[in-house]
Structure formats: structure tokens, C-alpha cells
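Structural overview for review
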Amino acid sequence: MNFDDTPHEAAFRAEARAWIQANAPTHLLPYLEKSGYGGIELGGLDPMKEAKAWQKKKYDAGWACLHWPKEYGGRGSSPIERVIWNQEEGPYGALSGSFIIGHGMCGPTVMDWGPEEAKRELLPRLAAGEDIWCQLFSEPAGGSDLAGLRTKAERDGDDWVINGQKIWTSGAHYSQWGILITRTDPDVPKHKGLTMFFLRMDTPGVRIVPIKQANGQSGFNEVYFDNVRLPDSQRLGGVGEGWKVSLTTLMNERLSIGSGMSAGFPDIFEFCKELELADGTLAINDRGVRSKLAEWACRQSGLKYTGMRAISALSRGENPGPENSIGKLVAGSSLQEIAMFALDLQGQAGAVSDPKLATMAAKFQAQLLRSPATRVEGGTDEILRNIIGERVLGLPDDMRADKGIAFNKIPTA
Amino acid sequence: MDFEFSAEQQQLKEQARRYLADKCPTTAVRAILEGSEPFDRALWQGLGEMGFLGAAIPEEYGGLGLGYLELCVIAEELGRALAPVPVSSSIFLVAEILKAAGSEEQKQRWLPKLASGEVIGTLASVEATGSVRPSNVALSAKAGTLTGAKSPVLDGDIADIAIVLARHAPGKDAQGLSLYLVDLNQSGIERTVLDTIDPSRSQAKIAFNGAAAELVGAAGDGWRLYEEALDRAAILTGFEQIGGADKALEMGRDYALQRFAFGRAIGSFQAIKHMLADMYVSATLARSNGYFGAYALSTGSADLAEAAATMRVSSTKAFQHCAKNNIQVHGGMGFTWAMDCHLYYRRSNLLAVSLGGLNEWEDKLIDRLRAKNAA
Ligand SMILES: Cc1cc2nc3c(=O)[nH]c(=O)nc-3n(C[C@H](O)[C@H](O)[C@H](O)COP(=O)(O)OP(=O)(O)OC[C@H]3O[C@@H](n4cnc5c(N)ncnc54)[C@H](O)[C@@H]3O)c2cc1C
């Protein structure tokens, strides 16, 4: 049990810190430190351009995708070194938002299942931030029930022809590449007839339609496939093995979304130190407020140390397991509870969402409106509880009405 | 960085688990709960002989001279087994206070006996309902004698010695408080056993009628020593709570697999499955906070006070959460005397108040986070 750096780790930290000090975009720091949950605002500068510039700089100096092998654009670092890098990168890490899906999920999937030539060509570009990737999984008919998806891929000579629709695809509108899961055989039970591909988002027949979100932003999209033709060399894993391949993505998704996720405690703590209540006391001195703060503080640190335990397990050579599901499960509802509580303390002013007027640049208002998505994206709270119940605790699977039935015989309404 | 107990520490934990599975099945806990014996003497003696009690006591004072990390893994197993013995009072509190503040003579005299289990110690601080604070400590110390009463005192009926928080100077402030060591087997002591929510750990009222006492640590330093002792004990007790929480979760899980209703295992109902998943989440967060607590304790880190309060709040809630929902999972069976669910429920609620309630520790946590933030 040791939370201190070994001499080797300390040396790595010093090297990372020195490089960041010399190279980071310090002019963005004031904005990054202030920027809230669900997007960055850089005083009028183009966030994508700034994000790409920082990513490219890191890549050129060997600081991008640290845990990837060198031949694919990484540094071949240990999991602990990756944690140290993240700690040192600090607020500049907020610039990497648009790369999370590519670096955290698509990249590892292509690395495990893609043809060697594609890996050597595409992964370094992904690491360098030259390409952005998206994840084309969810469909109108299948989000939680991902294996119920209907987008078809049919063999035609050496090619595949894709028809159907994806939905909720984050970043499809600015992505160059995507990983896609399709149904190649409707006559077998649903998990067995799936196949994965990767494709350019400007392939003819792909149409991207942004969706306006409940919080007014447009981060996700509908993606339509109309006779989209892909060569067989863009297949990931075997025909009919798509479910197995997608588990690589989903496992990495849980790790990259969940671990190290903040439960939102620092912001509400800062706020309560300043706010005066009706009786003239500071909120932080109020017994009821303290009780809530203590709960969130424990979740915040509990998640932090759970993440560190997972990293230790990873360094011992263990695989990221289903127990990593707790990160997003705990953080999602905490963020939402905290936002509601902060608005409540603000009284009638809590309704104001103008960053120029509202407390802490309307951080809590933005959090209120974005946090419902955290409890849904990448596996809903209910699905995560199922995973913990079934895969960690060993409880029986849900009763399923579609078990063992060929996909095209499953009732749909 | 390595956020895990070492292979040796895990072996020690396994060893403690096997030992307790053999010597302290729940029938042994039940025997204390239902019978007239106040604690399990044979188990207590065995824990001394195995070296478990003296794990963190230096060799020169008769202990094994291992460390806090070792004591933490032992504490977890004691909690898991609901061991009906006074480890928290005697080791987590009294031995720790003597290690921190005792004179050389006091350490020589008492630590070896505490390590072997020959002597049982306890800490006597409570005089009134509500939190213990300088203004409600009135028991008075004059010319080497104590007069007044403490109640409740955990293990107060069976302890041989007590460390007593007492007032040597009139008033209500912390500077007037000191710690005193009292031999409880003397004529100036009167004890009354109390009925409590968890009779597997006994409690008493102790009246001090001019009982002879000697100072522990400097006069006027009592409150600081007391608070620091509570922090260390909160981490060790926290491991007991984590152990209890895990076991209650496992009991619930096992029952959910085996009990059928409506033609299926009740663990396949999402309401039950998700309840168990939430129990797993609180137990996991508490364990992770505990690992940091253990690290802070073992290194005497500047973060110790914050880590202790964090762990205390987290592990108290986790054990209560798991123990109460374990009853729910068991249905009517869970409310029977014959099932073990209530043993965990009782213990979780005893431990939740034994070092001061949640509200006190929440306050400490916020105060400490704020102090750190201001620094
Ligand atoms: C902001 C955002 C970004 C996203 N980005 C992407 C992306 O980039 N790529 C991508 O592929 N997808 C993305 N998604 C989609 C996301 O993964 C799905 O929305 C999610 O998995 C839920 O699926 P659904 O929307 O079909 O809801 P449904 O599955 O229809 O769920 C509706 C409700 O039913 C519950 N439910 C469903 N099944 C069960 C069950 N077995 N037991 C208990 N309750 C159940 C759910 O928990 C939920 O409460 C994104 C979603 C959001 C909100």
C-alpha cells in the first residue's frame, strides 16, 4: 500500500511536468479552469482547433496515447504512468474531450481486431488528433439492447453493402472515421449474427443529421446508411463475431468514461463556503448542508481511490473488469443531485442560466441540464446495476423474452 | 504507487479469516448475545496467542511489531466475523493511546499485557446524551483520584483498566481536560451492566468514587490526545465495518440465489438485484476510502485526520446500508431471531455510534477539508 511515487515514477512525473510547463497552451488556462461540465468555452477561440493543436504537439513529442505501443503512435507507457500524465496535464486535459471516444474506445478496438496495415496507417493519425473517430453502435431499436440492432450488412463479392440507421452518435458530424456494428445474419439468435467494421464518415451513402439535445447543444447525431459499400478489408474481427468485438469497445468505454470521473464535490464545496443562508450563517456551517457535502465528499474520494485500485490491478496484468461500472453509476447521479442542490441554495436566482449573471458562471445550471445524459450514455444506471448484479455478484440473468430465438422471430411490439 | 495490500498482508488476512471461521462462527457470537457471558474468553485468549492483538504493538512491548496495515486486515476479519471480543476498546483505543502518550513505565507495564490479552482496556469518555465535547465532560480529577461517572462505556463491565477523559481544572474548556489511567479492579469503582442494542458487545456504567488514577500524557493535553485517538480508531474500526458490510452483502447475495418466488430465484428480480448492486457500490466506495485511510495511518501522513473522517462516514454508511438491506432481501426470515441477519444489523448500528455518530464525523470531515483548503 503505497500512494507515493517510486523513484522511477517520480522521474517520469518530473519529465512530464517539465515538458508540460514548457509547451502547454498557457493562454487557455484561465478558460479551461473555469469551464464547466459539458463543453469548453475559450473566449471566442475555436475549441476544436485548439484541441487539435495541443494533441498534435503532444504527439510530436511522444506524449499522446501514452499506453499505446510506439508503432501505433503511443509511448508504450505503464498504466501508472498514464495516471501520472493525467494528473500533470490537469486542466489541459479538458481539451481532449472530442478525442475520448477515439482514443478510449475505437482505437483499442481497432488495435485488437483490425488488419495490421490499417492499424499502422490509422492509429498514429488518431493518436495525433489528425482524425477524430466516432462509435456507431446505438440504434432507434437498440440502445440498452444493443444486440437488437437492425442495420444490415450484406455480402456482395468482395464488398459489404450497408443499409440502416444509427442514432445518438456523438461527434459523427466532426469525425473522419467510425466503428460500426451491423447485422449480417438475421436467422440466428441476436448476439450471433453481428459483424463489426470501420469506415470513413464521408463514404458515399452516409448521411449525418445532428440532433438537438435537451440541453440545447448538438453533440450527437442520427447517421443514415443508404447502400454504403465497404471492402471486406474494413471488417473488424470475424463475420458473426461482432458481439465479441464490441465487448472490447464497451469494456474500454467503461474504463475511460468511468474511471477518474469526478462526482462533482469540489464545485459544490467551493460554493457552500461562500454562500450565506437566511439566518446569516455560511451554508458550509449548516448542519443539513454539511451532511450532504460529507456524502458527496466520500463518493468523490471513494471513486478516486477505486480508480486507483483499478489501475493497480491493471499494472498487475489483470483485465479491466465489470467492477469498473461503478464510476459512471456513482458520478452520474452525484452530479445531478449536486446541481439540483446548488440551484436550491441559490433560491429564485437558481433559475438564471446566463453565465454572466449566474453564480460560478452558471456552472450548476449547465450541470443540471447535462447530467441526465450521464446517467444514460454508455450504459444506463439500470444496465450498470444489472452488470454489477450479474457479472460481479453472480446473480441470475434477467428473464429474457428473446433468448435462443432467431433475430427475425423476436417480437418487437 | 500501489493501491493494494502486499502479498504478505493478504496472507495474514487469509490466516485471520480461517482462524475466525474456525473459532468464531456465528454460533459463537450468538452464544454471547443470548448467554450470560459478556464476551468470548476462549477466542480472546486465542487472538492474543496468535499475535493478532499485538500486531501493531512494538516487539519491545510484547507485540509482533508488524504495523497498522497488518492490524487493518485483522480488523476487517474481526468485523466480518462479528467477533464478540473487546478488540476495539483494548487495542484500537487503549493500546494506541498508551503507545502515543504513555510514559515509558506505563508502556512497559501495560502494553505486553494488552498484547497478550491478559489485561483488557477501555476508553471512558461519555457522560451525557449527544456528542462528547469539552463542555459536557464533568468527571473531576483531584489529587490523583477521580470522582463522577461515565456511561455508556463499551466493554466497561469486563475491562481491567480504563483511560478516562476527566476534568482537572474547573470550567468548560478543552484545556481543563486530561487523560487518566485507572485500575478498574479497586474499591472506588462501581459498575452496572447496561441493556444495549447489541449485547454481543457488552457495555456498562462506571462510577468513580474517589478512585486512584494516574495521568497519561501531559495535564491539559487530554482533549487533543482523545481526538487523535478517535481518528486512529476510526480507521481501524472502519475496517471492521467494511468486513461486516461485505459479509452482509454476501449473505444477501447467497439468499437471493437460493430463494425462489414466482417460479424464479429472487435475485433475478431487478428490485432485488439492483438493491444488492447498490450495496456493492457502497461497500466498494468504503473499501477504497479505507485503503487510503490505512495508508495514511501507516505513514502518519498529514492527511490522516481527513482520511479518518472520510473513512468513518463512508464505512459507517456502507455497513448500515448492507446490514439493513440484507434483512430486506431475506423477507420475513430476515426478521427472525434464528437468522443471523439481525446480528449484523445490531453490530452495524452499534459501531455507527461507538466513536461518535455520523453527524459528528460529517462535521469533522467538513472542518478538515476546509482547513486543508485554506492552507
Ligand atoms: C449524450 C449521449 C451520447 C451518446 N453517445 C453515443 C455514441 O457516441 N455512440 C453510441 O452508439 N451511442 C451513444 N449514446 C447512446 C446510449 O448508449 C444509449 O442511449 C443508451 O445505451 C440507452 O439506450 P436507449 O437510448 O435505446 O434507451 P433504452 O434502452 O430504450 O432505455 C430506456 C429505459 O429503459 C431502461 N431499460 C432498458 N433495458 C433495461 C433492462 N434490461 N433492465 C432495466 N431497465 C432497462 C433503461 O435503463 C432506460 O431507463 C449516447 C447517449 C447519450 C445520451
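1. Let's talk about the overall build of chain B
Of the regular secondary structure elements, chain B holds eleven helices and nine strands. Radius of gyration (C-alpha) of chain B: 21 Å, near the 21 Å computed for a compact globule of 375 residues. When the accessible surface of chain B is split by element, carbon and sulfur atoms take 53% of a total near 13,900 Å². A distance of 5 Å separates the average location of the 36 positive side-chain charges in chain B from that of its 44 negative side-chain charges.

2. Here's the deal with the overall build of chain A
Within chain A, the regular secondary structure consists of twelve helices and eight strands. Relative to the globule expectation of 22 Å for 413 residues, the C-alpha radius of gyration of chain A, 22 Å, shows essentially globular dimensions. In terms of principal-axis extent, the alpha carbons of chain A reach across some 75 × 50 × 45 Å. Across the 413 residues that make up chain A, the buried fraction comes to 51%. A separation threshold of at least 6 residues defines the contact pool for chain A, and within that pool the share at least 24 residues apart is 72%. In the structure as shown, chain A presents an accessible area of about 18,200 Å², 53% of it carried by carbon and sulfur atoms. Mean positive and mean negative side-chain charge positions of chain A (46 and 52 charges, respectively) differ by 1 Å.

3. A short note on the nonpolar core
A general trend in soluble globular proteins is that nonpolar side chains are found buried together. One finds Ile268(A), Leu293(A), Leu47(B), Leu146(B), Phe208(B) and Phe239(B) to be the most contacted residues of the largest nonpolar core, which totals 185 residues. When residues of this core are assigned to their parent elements, the largest contribution, 17 residues, is made by helix α7 (residues 222–258) of chain B. In terms of nonpolar packing, the next biggest core, distinct from the first, is built from 27 residues, Phe137(A), Trp177(A), Ile179(A) and Phe198(A) among them.

4. Re the domain arrangement of chain A
All names here are of chain A. On domain assignment, one finds that chain A holds domain 1 (7–131), domain 2 (134–241) and domain 3 (257–379). Using C-alpha coordinates to define each centre, domain 1 is positioned 27 Å away from domain 2. Considering only the side of domain 1, the residues that lose the most area to domain 2 are Ile101, Trp113 and Asp131, jointly responsible for 33% of the buried surface there. The interface formed by domain 1 and domain 2 contains zero salt bridges.

5. Some thoughts on the interface of chain B and chain A
Where interface size is given, it is often the accessible area lost as the parts come together that is meant. Contacts between the two partners involve 43 residues from chain B, matched on the other side by 53 residues from chain A. Summed over both sides, the interface of chain B with chain A buries roughly 4,500 Å², with 63% coming from carbon and sulfur. The interface formed by chain B and chain A contains eight salt bridges. The tally of links from chain B across to chain A stands at 27 residue pairs in polar contact (both at pLDDT 80 or more). Elements that contribute at least two residues to the side of chain B that touches chain A include exactly α7, β9 (264–265), α8 (270–299), α9 (304–330) and α11 (358–374) of chain B. A per-class count over the side of chain B that touches chain A returns 20 nonpolar, eleven polar and twelve charged.

6. Looking at the site of the ligand
As a structural note, the neighbourhood of the ligand is formed by 21 residues, with Ser144(A), Trp168(A), Ser170(A), Thr380(A) and Gln270(B) the closest of them. Of the chains in the model, those with residues near the ligand are chains A and B. Within the side chain of Ser170(A), one N or O atom sits 2.7 Å away from a nitrogen atom of the ligand. Contact between the ligand and Gln270(B): a nitrogen atom at 2.7 Å from a side-chain N or O atom of the residue. Here the ligand loses 69% of its free accessible area of 970 Å² to cover by the protein chains. Counting only elements with at least two residues in the shell around the ligand, the list comes to β3 (159–170), α11 (363–374) and α12 (381–392) of chain A.

7. Points about the packing of helix α9 (residues 287–315) of chain A against α8(B)
Direction vectors running N to C along α9(A) and α8(B) enclose 75°, while the axes themselves pass 8 Å from each other. Considering their axes alone, α9(A) and α8(B) lie roughly perpendicular with respect to each other. Residue-level inspection shows Cys298(A), Arg299(A), Ser301(A), Gly302(A), Leu303(A), Tyr305(A), Thr306(A) and Arg309(A) of α9(A) in contact with α8(B), the latter providing Thr284(B), Leu285(B), Arg287(B), Ser288(B), Asn289(B), Tyr291(B) and Phe292(B). Here the contact of α9(A) with α8(B) is composed, by residue class, of six nonpolar, six polar and three charged.

8. A closer look at the packing of helix α10 (residues 326–346) of chain A against α8(B)
Interhelical geometry of α10(A) versus α8(B) gives an angle of 95° and a closest axis separation of 11 Å. The angle between the axes of α10(A) and α8(B) places the two elements in the roughly perpendicular class. Between α10(A), through Ile326(A), Leu329(A) and Val330(A), and α8(B), the contact on the second element is made entirely by Tyr280(B), Val281(B), Thr284(B) and Leu285(B).

9. Points about the pairing of strand β7 (residues 203–216) of chain B
Successive side chains on a regular strand alternate, one facing one side of the sheet and the next facing the other. All names here are of chain B. Across eight bridges, strand β3 (residues 145–154) lies against β7 in antiparallel orientation. Bridged to Leu146 within β7 is Ala211. As defined by bridge partners, strand β5 (residues 177–183) adjoins β7 across four bridges and the pair is classed as antiparallel. Paired with Leu181 across the two strands is Glu214, which belongs to β7.

10. Describing the packing of aromatic side chains
Summed over the entire model, instances satisfying the criterion amount to 25 aromatic pairs over all chains. Both rings, one in Phe271(A) and one in Phe364(A), keep their centres 5.6 Å apart while their planes meet at 50°; by these two values the pair is tilted. Remark: Phe364(A) occurs in helix α11 and Phe271(A) occurs in helix α8 (residues 265–274); sequence separation between them is 93 residues. For the pair Phe271(A) and Phe364(A), a shared accessibility class is recorded, and that class is buried. Between the aromatic rings of Phe262(B) and Phe269(B), the centroid separation amounts to 6.3 Å while the plane-to-plane angle is 85°, which identifies the pairing as edge-to-face.

11. Quick word on the confidence of the model for chain B
Confidence in the prediction for chain B averages 97 pLDDT; 100% of positions are at 70 or higher. Interface confidence for the predicted complex, expressed as ipTM, amounts to 0.96; the pTM equals 0.96.

12. Quick notes on the environment of Pro204(A)
All names here are of chain A. As for its position among the elements, Pro204 is in the loop between β5 (194–200) and β6 (206–210). Overall, Pro204 belongs to the exposed group, its relative accessible area being 67%. Considered as a pair, Pro204 and Asn227 are 23 residues apart in the sequence and their alpha carbons are 8.4 Å apart.

13. Structural notes on α9(B)
All names here are of chain B. Its 27 residues place the ends of α9 38 Å apart at the C-alpha level, agreeing with the 39 Å of an ideal helix rising 1.5 Å per residue. Counted residue by residue, α9 has 21 buried out of 27 residues, so it is predominantly covered. Directly beyond the C-terminal end of α9, a positive phi value near 60° is found at Gly331.

14. What to know about unusual backbone geometry
In most cases, non-glycine residues show a negative phi, while peptide bonds are predominantly trans. All names here are of chain B. Backbone torsion omega between Ser151 and Pro152 reads -5°, so that peptide bond is classified as cis. One can find Pro152 in strand β3. A positive phi angle, close to 45°, is found at Ala143, a residue other than glycine. Position of Ala143 relative to the elements: it lies in the loop between β2 (140–142) and β3. Residue classification places Ala143 among the exposed positions, given a relative accessible area of 84%. Although it is not a glycine, Asp155 sits at a positive phi angle of roughly 60°. As for its position among the elements, Asp155 is in the loop between β3 and β4 (161–167). Residue Asp155 is classed as buried on the basis of its relative accessible area, which comes to 1%.

Definitions and cut-offs
- Counting of residues starts from 1 at the beginning of each chain's written sequence and follows it residue by residue.
- To label them, take the chains in the order written and letter them from A, then take the ligands in the order written and number them from 1.
- In view of the model being predicted, local features appear only for residues whose pLDDT reaches at least 70, and side-chain atom pairs are presented and counted only at 80 or more, with totals across whole chains, interfaces and linings using the full set of residues.
- The side-chain values count all of the structure's non-hydrogen atoms but skip hydrogen atoms and water molecules.
- Counting from the N terminus, the helices are the DSSP runs of H or I reaching at least four residues and the strands are the DSSP runs of E reaching at least two.
- As defined in this context, the radius of gyration uses C-alpha atoms, and a globule is described by 2.2 Å times the residue total to the power 0.38.
- Per-residue and other accessible areas were derived by the Shrake-Rupley procedure at a 1.4 Å probe size, with only the shown protein chains allowed to occlude residues.
- Positive charges come from Lys and Arg alone, negative charges from Asp and Glu alone, with His and the N- and C-terminal ends not counted.
- Note on charges: their place is set at NZ of Lys, CZ of Arg, CG of Asp or CD of Glu.
- Buried means the residue's accessible area, taken with a 1.4 Å probe over protein chains only, is under 20% of the maximum for its type, while exposed means over 50%, and partly exposed covers the values in between.
- It only takes one pair of heavy atoms within 4.5 Å for two residues to be counted as in contact.
- Here the nonpolar core consists of buried residues drawn from Ala, Val, Leu, Ile, Met, Phe, Trp, Tyr and Cys, with membership extended through side-chain atoms lying within 4.5 Å.
- Domain limits in this description derive from either an automatic procedure or a database domain assignment.
- Here the buried area means the combined drop in accessible surface, using a 1.4 Å probe, for two parts upon being joined, counting both sides.
- By convention in these notes, a salt bridge is any Lys or Arg side-chain nitrogen within 4 Å of a carboxyl oxygen on Asp or Glu.
- The term polar contact refers here to a pair of N or O atoms within 3.5 Å; inside protein, the definition further demands a hydrogen-donor-capable atom paired with an acceptor-capable atom, and it admits residues adjacent in sequence only when both atoms are side-chain atoms.
- Following the grouping adopted for this structure description, the nonpolar residues are Ala, Val, Leu, Ile, Met, Phe, Trp, Tyr, Cys and Pro, the charged ones are Asp, Glu, Lys and Arg, and the polar ones are all others, Gly among them.
- One heavy atom within 4 Å of a molecule or strand is enough for the residue carrying it to be called near that molecule or strand.
- Note on definitions: angles span 0 to 180 degrees between N-to-C directions of axes, and those axes are lines fitted to C-alpha atoms, for helices only across the stretch in contact.
- Geometric relationships in this document are graded by angle, where less than 35 degrees denotes roughly parallel, more than 145 denotes roughly antiparallel, 65 to 115 denotes roughly perpendicular, and other angles denote oblique.
- Any two strands with at least two DSSP bridges between them are considered paired.
- Two rings from Phe, Tyr or Trp (for Trp, the six-membered ring) form a pair when their centres are within 6.5 Å of each other. A pair whose planes differ by under 30 degrees is stacked, one over 60 is edge-to-face, and the rest are tilted.
- Confidence of the predictor at the level of single residues is captured by pLDDT, which takes values from 0 to 100.
- Expected span, for any helix, means 1.5 Å times one less than how many residues it has.

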